[in-house]
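Report on the structure
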Amino acid sequence: GVSMADETSDFSNLCNGRVMDLACAVARSALLRYVNSEVRVDTTTGYIDEGEALRIEAAVNNQLNAAIVATGQASASSVTLSRTTNILSTSTEPVTVRVTPLGYLRNLEMTIGFINPAIQA
């Protein structure tokens, strides 16, 4: 199905909208367990500790992969936590979630003709 979005929009295809809705729900659910949780920070910057960031990214991305990639609804997903936010000052950790959608063949171009095996090189 086609949505009312501009044809150059990521959401012009209803399938993309549905997979993004699912990705949002899964990512939110996976990230909620970290709200009000304790995380180690780098003692020189106040930024999230690299090991903590990697652990959270892996956990959330595993859930996304299971829900949308393994089920064939998307090509890939990724989760990235910011490494440059002072958690000690803000108590906030920006998270970026990206989904690589499936491609959809709308048109096929075909070349057809005869071949004579006797004159094939």
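Report on the accompanying structure. Since this is a predicted model, take the numbers as computed values, not measurements. (Residues numbered from 1 in each chain as written. Predicted model: local features only at pLDDT ≥ 70, side-chain atom pairs only at ≥ 80, totals over all residues. Heavy atoms only, no water.)

Quick word on the overall build of the protein
We apply this condition: The secondary structure listing takes helices from DSSP runs of H or I that are at least 4 residues long and strands from runs of E that are at least 2 residues long, numbered from the N terminus. Note that the radius of gyration is over C-alpha atoms, with the globule rule given as 2.2 Å times the number of residues to the power 0.38.
Within the protein one finds three helices and two strands. When the helices and strands of the protein are read in sequence order from the N terminus, they spell out α-α-β-α-β. Radius of gyration (C-alpha) of the protein: 22 Å, far over the 14 Å computed for a compact globule of 121 residues. When the backbone C-alpha atoms are referred to their principal axes, the protein occupies close to 75 × 40 × 25 Å.

Quick look at the nonpolar core
Nonpolar side chains in soluble globular proteins tend to be buried together. Quick reminder of the rule: We call a set of buried Ala, Val, Leu, Ile, Met, Phe, Trp, Tyr and Cys residues a nonpolar core when their side-chain atoms join them within 4.5 Å. When accessible area is computed with a 1.4 Å probe and restricted to protein chains, residues below 20% of their type maximum are described as buried, those above 50% as exposed, and intermediate ones as partly exposed. By the convention used here, residues are in contact when the closest approach between their heavy atoms is within 4.5 Å.
Core analysis: the biggest nonpolar cluster contains 17 residues, and Ile48, Ile56, Val60, Leu64, Ile68 and Leu81 have the highest contact counts within it. Of all the secondary-structure elements, those providing two or more residues to this core are helix 1 (14-32), helix 2 (50-69) and strand 1 (76-81). Element by element, the count of residues in this core is highest for helix 2, at six residues. Residues in contact with Ile68, not counting those within four places in the same chain, are Val19, Leu22, Ala23, Gln73, Ala74, Ser77 and Val99.

A word on the layout of surface pockets
Put simply, the test is: The distinction between a cavity and a pocket rests on a 1 Å grid over the protein atoms alone: a 1.4 Å probe fits inside a cavity but cannot get out, while a pocket stays open yet meets protein on both sides within 12 Å along at least five of seven lines, and a residue with an atom within 4 Å of a point counts as lining. Grid points are joined across faces, edges and corners, and a volume is the space filled by probe spheres set on the points.
Estimates place the volume of the largest pocket at around 420 Å³. When residues in the lining of the largest pocket are grouped by element, the largest group, three residues, is from helix 1.

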